Each structure stands twice: as structure tokens, then as C-alpha cells.
Amino acid sequence: MPAQVISGTQIAAEIREELKERVKKLNEKGVTPTLAVVLVGEDPASISYVTAKAKGAEEIGMHEETIRLPADTPEEEVIRTVDKLNEDPKFHGILVQLPLPKHVSTEKVINYISPEKDVDAFHPINVGKLLRGERCPLPCTPHGVQELLIRSGNDPAGKHVVICGRSNIVGKPLAAILIQKKQGANATVTICHTGTKDIASFSKQADIVVAAMGAPKALTADMVKDGAVVIDVGVNRVEDKTREKGFRLVGDVDFDAVKEKASAITPVPGGVGPMTVTMLLMNTVEAAEIKAGMTG
Ligand code: GUN
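Summarised in this report is the structure supplied together with it.

About the thresholds
Residues numbered from 1 in each chain as written. Predicted model: local features only at pLDDT ≥ 70, side-chain atom pairs only at ≥ 80, totals over all residues. Heavy atoms only, no water. Axes fitted to C-alpha atoms, helices over the stretch in contact; angles between N-to-C directions. Helix = DSSP H or I, 4+ residues; strand = E, 2+ residues; numbered from the N terminus. Parallel < 35°, antiparallel > 145°, perpendicular 65-115°, else oblique. Contact = heavy atoms within 4.5 Å. Nonpolar A, V, L, I, M, F, W, Y, C, P; charged D, E, K, R; others polar. Pairing = 2+ DSSP bridges. Buried < 20%, exposed > 50% of the residue type's maximum accessible area, 1.4 Å probe, protein only. Patch = residues over 30% accessible without salt bridge, like charges linked within 9 Å, V, L, I, M, F, W, Y side chains within 5 Å. Areas by Shrake-Rupley, 256 points an atom, 1.4 Å probe, with all protein chains shown as cover. Salt bridge = Lys/Arg side-chain N within 4 Å of Asp/Glu carboxyl O.

### Description of the packing of helix α1 (residues 8-28) against helix α6 (residues 140-151)
Phase 1: The interhelical angle for the contact between α1 and α6, taken along N-to-C directions, is 100°, at an axis separation of 11 Å. One finds that α1 runs roughly perpendicular with respect to α6. From α1, G8, I11, E14, I15 and E18 reach across to α6, where they touch E147, L148 and R151.
Phase 2: When grouped by side-chain class, the residues that make up the contact of α1 with α6 number three nonpolar, one polar and four charged.

### Observations regarding the sheet that holds strand β8 (residues 229-232)
Hydrogen bonds between backbone groups are what pair the strands of a sheet, and the pairing can be parallel or antiparallel.
Phase 1: In spatial order, the strands read β1-β11-β8-β7-β5-β6; together these six strands make up an open sheet with parallel pairing. Each edge of the open sheet carries a strand with a single partner, namely β1 (4-5) and β6 (188-192).
Phase 2: Both strand β5 (residues 160-164) and β6 contribute to a ladder of five bridges, which runs parallel. Across the sheet, residue I163 finds its bridge partner in β6, namely I191.
Phase 3: On top of the sheet, helix α7 (residues 171-178) reaches β5, β6 and β7 (208-211); it is set at about 170° to β6, its chief contact.

### Comments concerning the pairing of β8
Phase 1: What you see with β8 is no split at all: V229 and I231 on one side and V230 and D232 on the other are buried throughout.
Phase 2: Here β7 runs beside β8; their pairing, made up of four bridges, is parallel. Its bridge partner being in β8, I208 is matched across the sheet by V229.
Phase 3: In this sheet, strand β11 (residues 264-265) lies alongside β8 in parallel orientation, the contact comprising two bridges. Counterpart to V230 in the pairing with β11 is I265.

### Remarks on a nonpolar patch on the surface
Phase 1: Judged by side-chain polarity, Y49, V235 and L249 come together as a nonpolar surface patch covering roughly 240 Å² of accessible area.
Phase 2: Relative to the helices and strands, V235 is located in the loop between β8 and β9 (236-239).

This is how it looks when you write it as C-alpha cells:
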């Protein structure tokens, strides 16, 4: 039987309704959650992500400001921009869109973001807190994957989750979230990567497979067991002359073949993507609530 297709668009919309209510409560206290997005350069994919973040923020009643810097902005200038945003009490969240131009150190810039305003949860203090199971903002894409699993009735507790990909943005933090002894986590986690000898031998044992390799259709049907839940984190632009933009988006999963074997699967687009933006909005609302003393 073909898989249940998990709609990230629908689940994200549900969460955004919940966030609207939280924003209203903040408004009653005279607070408007405000996000600063720093975009260096003109990378088309980055521009499209930043646009989605700005639109999502406005839709739930938040404010968003995009600070656009030219691609040749010196590193010190990017850091000065972050510093100003740290000092400005108007902003509850700061996000520096990645990738940065080669002459700007990602680590250095991220380290400058105040951990309280780090809504991407990339700062080493937040990464450390996550690993230790302490309260902290959760990184957006992995948190989005966790919410998708829980809200689609596929709680990872007690399941074997195989994550394909070990990036700092997805693979590693997703493993850190799912191994915690907490509700909606408590999974057994295996991470596969480019150094893994036979990825299929691991992925075939998984109750839940997360594809985050960054390569189109890299997870094929022979790599998953019958009835597995498959989450596709990939966003790859492939040339398609029949489309107005000249490309279409495909994930890291061979969707048409894998959906015949899986019990549930996320599509691309409309799966993890909308969840990432939603979790960013959630982190910004939460940062505003913490600052206003509205959380326990
Ligand atoms: N570029 C691709 N994904 C992300 C993300 O989650 N956050 C930021 N800041 N940049 C990205």
C-alpha cells in the first residue's frame, strides 16, 4: 500500500495558528516579537529562504527586518552588524543566513550572536545545552523533523532512527534531540555519512529514516525496509526547462519508488521546508516570551 504522505505545509499551518495566539498574548503586554535576518550577498536560494522567513513572520503578526549587505562586505562589518543587533532591545531574534561568502568566517560570525537571540540555535553555548538536555532554543530543521514525526502519529520514542548525513545544521543536532530522555525523543539513533561503508545495511534496519545527504534521490527504495517512515530533508534544484524558473525542487529521496514501500513519507516541496521556517518563528516568539518573563 502506498505511504501516507505527511504534509509539512498542513502541520506547519496548525503550529502557526498556535503561534498567532502566543503573539497576541505578547501584544497585550506591549511586545511585538521581532526578528532580524542578515543576508550577505545575492545567492538565489538564500534570497528565497529569507523571503519565506519574512513572509511567515508577518503572517503570524511578528515583525521582521532583513539587513542586506553586499557580497564583498568585510568580515568585521558583518560582525559589527551582528553586534548592533545584539545591543538593540527591539530585536528578540537574530539570524545570519548561510552560506556566507568565503572571506567571512561562519564560526566567527555565529559566535558573536548573543545566545539569547540565537534563534537558529547555532551558537556553541546553545549546541552544548542541547547536547546536555538543558533548556535552549532548538535548531529549526531538526526540531521541525521531530514535530513532523510527533504530529503525524509517528512518535520516535523507542524507535530506531537512521539519519543519513552528519551536518552541523541537520544530522548532528537531530541526533542530539532524538537521543534525549524526553517525550517525543528517546529514540535509538544511528548516523550514517560519507565514511559509512554500507549505508543500506544500516538504513534497512531503521523504523524511521531521515535523508539529509544533500544529493538528489540519494535514498532509494532498496535502502528502506517495508513500512518504514521516511523523512526527506533534501532541497535540490534540478534543471527543468518545462518550468518557468528553469528548475524544480527535488529531495534526497527517490520519492516515487520509496513511497510504495514506506508507511509514511514527506514530500519535497511541502514537507520539512515549511516546518523549518515555522520553528524559527517559534524560537523568536519564545525568545520574546522569555524576555517578557512569560515562561515558567
Ligand atoms: N541556510 C540553510 N539552512 C539554514 C538555516 O537553517 N539557517 C540559516 N541561518 N541559514 C541556512
